[in-house]
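Inside the fold
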Amino acid sequence: MGKISLTFLGQWKKDEYALSRLGVIAEAALEYFIAIVTSGAYLAKITSALSFSDSLTGVLSAFVSLGCIFQLGSGVLFKHARRVKGRVIAFQMVYQLLFVVVYLTPVLSAHANVRTGVFLSAFLSAYILINLVRSQKNTWMLSLIDDKKRGSFTATKEIVSLLSGMVFTYIIGSAIDRFEYAGNMNGAFVLLAIVIFVINAIHMATLFMTKEKPSEISGSLDVKMGIKDVIRNKKVMGVILIGVIWYIATYTATPFYGAYQINQLNFSMRFISVLSIVYAIVRSIVSPFMGKLADRHGFVKMAFLCFIVAGLGFLAGAFTAPSNGRAMFFIYNILNAVSMAGINSAILNIVFGYAPLEIRSQAIALNQAVCGVCGFLTTCAASSLVDRIQKNGNMILGLHLYPQQVMSLIAAMITAGLLTYTYFGVIRKEKA
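Read on for a plain summary of the structure.

Cut-offs applied
- Residues numbered from 1 in each chain as written.
- Predicted model: local features only at pLDDT ≥ 70, side-chain atom pairs only at ≥ 80, totals over all residues.
- Heavy atoms only, no water.
- Helix = DSSP H or I, 4+ residues; strand = E, 2+ residues; numbered from the N terminus.
- Buried < 20%, exposed > 50% of the residue type's maximum accessible area, 1.4 Å probe, protein only.
- Areas by Shrake-Rupley, 256 points an atom, 1.4 Å probe, with all protein chains shown as cover.
- Phe/Tyr/Trp six-rings, centres within 6.5 Å; stacked < 30°, edge-to-face > 60°.
- Lys NZ or Arg CZ within 6 Å of the ring centre and 35° of its normal.
- Contact = heavy atoms within 4.5 Å.
- Salt bridge = Lys/Arg side-chain N within 4 Å of Asp/Glu carboxyl O.
- Patch = residues over 30% accessible without salt bridge, like charges linked within 9 Å, V, L, I, M, F, W, Y side chains within 5 Å.
- Core = buried A, V, L, I, M, F, W, Y, C linked by side-chain atoms within 4.5 Å.
- Axes fitted to C-alpha atoms, helices over the stretch in contact; angles between N-to-C directions.
- Parallel < 35°, antiparallel > 145°, perpendicular 65-115°, else oblique.
- Left-handed = near helix turned anticlockwise from the far one by under 90°.
- Polar contact = N/O pair within 3.5 Å; in protein donor to acceptor, adjacent residues only side chain to side chain.

A separate point is the overall build of the protein chain. Counting its secondary structure elements, the protein chain contains 17 helices and two strands. Across the 432 residues that make up the protein chain, the buried fraction comes to 55%. Total accessible area computed for the protein chain in this model is approximately 18900 Å², and 66% of it derives from carbon and sulfur atoms.

Quick look at the environment of Phe208 now. Among the secondary structure elements, Phe208 is positioned in helix α9 (residues 185–209). Taking the C-alpha atoms as reference, Phe208 lies 8.9 Å from Gly23; in sequence the two are 185 residues apart.

The next subject is the packing of aromatic side chains. Per the counting criterion, the structure on display carries 19 aromatic pairs. Here the aromatic rings of Phe52 and Phe119 are separated by 5.7 Å at their centres, their planes lie at 80°, and the arrangement is edge-to-face. Of this pair, Phe52 sits in the loop between α3 (40–49) and α4 (54–66) while Phe119 sits in helix α7 (residues 112–142), and the two are 67 residues apart along the sequence. Both rings, one in Tyr103 and one in Phe189, keep their centres 6.3 Å apart while their planes meet at 45°; by these two values the pair is tilted. A residue pair is termed long-range when its members are at least 10 positions apart, and Tyr103 in helix α6 (residues 85–104) and Phe189 in helix α9 qualify at 86 residues. Members of the aromatic cluster, each reached through a chain of ring pairs, are Phe52, Tyr95, Phe99, Phe119, Phe123 and Tyr127. Directly above the aromatic system of Phe271 lies the positively charged group of Arg326, at a separation of 4.1 Å from the ring centroid.

The subject of this paragraph is the side chain of Ser345. Here Ser345 is to be found in helix α15 (residues 325–354). Once residues within four sequence positions are removed from consideration, Ser345 is found in contact with Thr154, Glu158, Phe299 and Met302.

All right, on to the pattern of salt bridges then. Within the structure shown, the criterion is met by four salt bridges. Its salt-bridge partner being Glu180, residue Lys45 comes within 2.8 Å of it at the nearest N-O pair. Of this pair, Lys45 sits in helix α3 while Glu180 sits in helix α8 (residues 150–181), and the two are 135 residues apart along the sequence. According to the relative accessible area criterion, Glu180 is partly exposed, its value standing at 31%. The partner of Arg232 in a salt bridge is Asp229, with the nearest N and O atoms 3.5 Å apart. Of this pair, Arg232 and Asp229 both sit in helix α10 (residues 223–232), separated by three residues, roughly a single helical turn.

Bringing a nonpolar patch on the surface into the picture now. Together, Met93, Val94, Leu97, Leu104, Val190, Ile194, Phe197, Val198 and Ile202 give the surface a local cluster of nonpolar side chains, amounting to about 700 Å² of exposed area. When residues of the nonpolar patch are traced back to their parent elements, those giving at least two are α6 and α9. Looking at where Leu104 falls in the secondary structure, it is placed in helix α6.

Val37, Phe99, Tyr103, Phe119, Trp246 and Phe307 are the most contacted members of the largest nonpolar core, which totals 132 residues. Looking at this core element by element, the count peaks at 14 residues for α15. Dropping the residues within four chain positions of it, Tyr103 is found in contact with Val37, Thr38, Tyr42, Ile46, Phe189, Leu192, Ala193 and Ile196.

It is worth spelling out the packing of helix α2 (residues 18–37) against α9 at this point. Running from amino to carboxyl end, α2 crosses α9 at an angle of 160°, the nearest separation of the two axes being 9 Å. Between α2 and α9, the interaxial angle falls into the category roughly antiparallel. The two elements α2 and α9 cross, and the hand of that crossing is left-handed. Note on element contacts: α9 touches α2 through Leu192, Ile196, Ile199, Ile202, His203, Thr206, Leu207 and Met209, opposite Leu19, Ser20, Gly23, Ala26, Glu27, Leu30, Glu31, Phe33, Ile34 and Val37.

For the rest of this paragraph, the subject is the packing of helix α13 (residues 269–297) against helix α14 (residues 299–318). Closest axis-to-axis distance for the α13/α14 pair is 7 Å, and the angle between their directions is 140°. As far as their axial angle goes, α14 and α13 are oblique. In contact with Phe289, Met290, Leu293, Ala294 and His297 of α13, α14 contributes Phe299, Lys301, Met302, Leu305 and Cys306.

Within the secondary structure, Thr320 is located in the loop between α14 and α15. Here the side chain of Thr320 touches Ala316 through a polar contact of 2.9 Å, landing on its backbone oxygen. Thr320 has contacts with Tyr260, Leu265, Gly325, Met328, Phe329 and Gln405, leaving out every residue within four places of it along the chain.

As a further point, take α3. Judged by how many residues are buried, α3 sits mostly within the fold: seven of 10 residues are covered. Every buried residue belonging to α3 is among Ala41, Tyr42, Leu43, Ala44, Lys45, Ile46 and Thr47, and all of these are buried. Immediately beyond the C-terminal end of α3, within one or two residues, lies Ser51, with a positive phi of roughly 65°.

In structure tokens, the structure reads:
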């Protein structure tokens, strides 16, 4: 036993980044907690308190995607920087504190227009700030991982986030329900603000403990030339298109699901928490399989399999109505969990793997920016259709359909197109 311990400690000491990789896993979990309570049904609770429409809530949800365009600004922000850690930490801290302001907005004793202005300013600014450093942060974190083990490591990281998020979501969801049943939603908003503040403090500690590898690129980067080099690289642009089509598909439907669960399906926060728990369990079970599949066959093939499942999930969403809401949304939730066990990591890792080292950060930034803009514009276009259907009494072509059902069907059709492109435009070309 003593020899085994000494051997393990010896290997740990040889790998100076081993502790930092644990920091990466912890950091991802903490950021996931904040992502949970600032999106979906949680965001819908705030916007409902501020009397926002379903379509406006959907557009705000989609701004998470549009914020990615600011990743292009990271090239200017880090143009002469060989170290990115300090600036990343500073921006992360401010953006998470802005979410504290977001949750305190409904509690403000001010005119409705003032509260709306404060909410929008804090919410939009938060996503601008995080996206200014996201690509550099991703490059920093991924550089600590062996390329041959990225799939497995990503799976492990997701499992930790999902399982811990499962407990976190149930506790928070139950607490919100208690406040709501007591007629004290302001108390729930204050609680969430405090929770985000505490998570932010712990999150900063994990970032400080995570080491940064020295840049392998000498000298400062020419940002414009870097972006031009990415655009000229046909292989990189070809795989970026995978992410673009996926964002169009998912942002056609998912930004409207949060309001749908709260306003039409009448789910309690506890039931939404149960959905999150099931989601976490399923995704944590499937993630190792997806990670191994990516390590053996590549992220593109793994993504193709996940897109099939995602399309089936959107079809389930198309059949979800108040009469069968719990059952059908439960099915959608499981299928979505299976698909996202691979898609989240695949979109980033496909570009990371295809892009040459010298343009990797710019490729990641461009990928997120283009995907983000396409996702946001898709939701803006979809929101007008959502409004039109609702104003027409949820009637379309003589059928009583909720707009979220229509959006889900359209998303399924776009996903079918994505499968066609991924197979013939990328997988077949790799075999040739």
